[in-house]
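Observations on chain architecture
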Amino acid sequence: MSAASIPGASTYATAPTRSITTRGVSYAYRELGPKGGVPVVFFVHLAGNLDNWDPQIIDAVAKEHHVVTFNNRGIGASTGVVPGSVEAMAEDAADFIRALGFEKVDIFGFSLGGMVAQALIGKHPDLVRKLVLAGTGPGAVKAWTRLQGVTYFDVLRAALFRADPKEFLFFDRSAAGKQAAKEFITRIRERTTGRDRPVRIQAFRTQLKAIRNWGRAEPADLSAINHPTLIANGDHDRMVPSILSKDLHRRIAGSELVIYPDSGHGGIFQFHQQFIPEAVEFLRR
């Protein structure tokens, strides 16, 4: 593996935003870590952009791996219109990965990103070596049709408290959860220059529609996934019920499951000090 590092990127907070165009879409992305080996591509959550990744996790993985985060079509600084289906998002992600010249990647998918990762591996299994699926679950379950109500309710609650919606969506309202939420929000605001464009309301609504369609789709044959898979969540996820992570674990042979106590959708962020060594060791194997 080459020891060369990505120019201009010592930490995620300082990594420059780049772009690459394929099939008429310009994808915004950031990269850091040593070049060579199998890169780790991060698939972001609902309404998330390049600035919504926890830099503690990104920087830790990038110590040993070439890390790439990106916005799918129509999100943040990426051009185009957000697709109305998870499957179409997966095809865009595959186009982006191949445009960078990668023949094999590890995928780290959080929430909606985890759904996109499942759809991608269903159509392009040879493109993937390993999967990390956090705060996500399989398609064809009723929980996805309820996600819109939970999301709008917590966005409203956050507005009343003049808080970031992720404080309510990702964390429970216990004393520990509130503290973890504030620390997470502080971390994702470390970057002070060159921040990404906010996700537009129409893009957010289209993503919600895609998630509803994902819930109504025919069940995927997850037994066909024979890639090493690490699944993680909190034990009280209101957005994506934690039982769905357990269902993924049951249906993906040989997968590993980590459930963090007294935490919600953002369990990997609340327990990042425990999750980081788990994820790094999994990717290192």
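Heads up: these notes are all about the structure in this document.

Procedures and definitions
- Residues numbered from 1 in each chain as written.
- Predicted model: local features only at pLDDT ≥ 70, side-chain atom pairs only at ≥ 80, totals over all residues.
- Heavy atoms only, no water.
- Phe/Tyr/Trp six-rings, centres within 6.5 Å; stacked < 30°, edge-to-face > 60°.
- Helix = DSSP H or I, 4+ residues; strand = E, 2+ residues; numbered from the N terminus.
- Pairing = 2+ DSSP bridges.
- Axes fitted to C-alpha atoms, helices over the stretch in contact; angles between N-to-C directions.
- Buried < 20%, exposed > 50% of the residue type's maximum accessible area, 1.4 Å probe, protein only.
- Polar contact = N/O pair within 3.5 Å; in protein donor to acceptor, adjacent residues only side chain to side chain.
- Contact = heavy atoms within 4.5 Å.
- 1 Å grid on protein atoms, 1.4 Å probe; cavity = no way out; pocket = protein on both sides within 12 Å on 5 of 7 lines; lining within 4 Å.
- Points joined across faces, edges and corners; volume = space filled by probe spheres on them.
- Nonpolar A, V, L, I, M, F, W, Y, C, P; charged D, E, K, R; others polar.

Next up on the list: the packing of aromatic side chains. One pass over the structure, following the stated rule, counts 17 aromatic pairs. When the centroid spacing of 6.1 Å and the interplanar angle of 25 degrees are considered together, the rings of F170 and F269 count as stacked. Of this pair, F170 sits in the loop between α5 (166-169) and α6 (175-188) while F269 sits in helix α9 (residues 267-270), and the two are 99 residues apart along the sequence. Measuring from centroid to centroid gives 5.7 Å for F171 and F184, while their planes differ by 50 degrees, and the two rings are tilted.

Reading across from one edge, β1-β2-β4-β3-β5-β6-β7-β8 is the order of the eight strands in this open sheet, with mixed pairing throughout. Of all strands in the sheet, those bounded by a partner on one side alone are β1 (18-22) and β8 (256-260). Here the strands of the sheet are splayed against their neighbours by 25 degrees on average, with no regard to which way each runs.

Our focus in this paragraph is the side chain of T69. Considering the arrangement of structural elements, one finds T69 in strand β4 (residues 67-70). Under the relative-accessibility criterion, T69 is labelled buried at 0%. Here Y12 takes part through its side chain, which lies 2.8 Å from a polar atom of the side chain of T69. With residues up to four places along the chain from it excluded, the contact list for T69 reads Y12, A28, Y29, R30, F42, L50, W53 and I58.

The next point concerns empty space enclosed by the protein. Within the structure shown, the criterion is met by two cavities of 30 Å³ or more. Looking at the largest cavity, its volume works out to about 150 Å³. Taken together, 14 residues make up the lining of the largest cavity; nearest its centre are V44, N72, L112, V116 and Q207. Of all the elements, helix α3 (residues 112-123) adds the most residues to the lining of the largest cavity, at three residues. Its residues assigned to classes, the lining of the largest cavity comprises nine nonpolar, four polar and one charged. In terms of lining residues, the second largest cavity is bounded by Y12, A13, D51, W53, P55, R187, I188, E190, R191 and R195.

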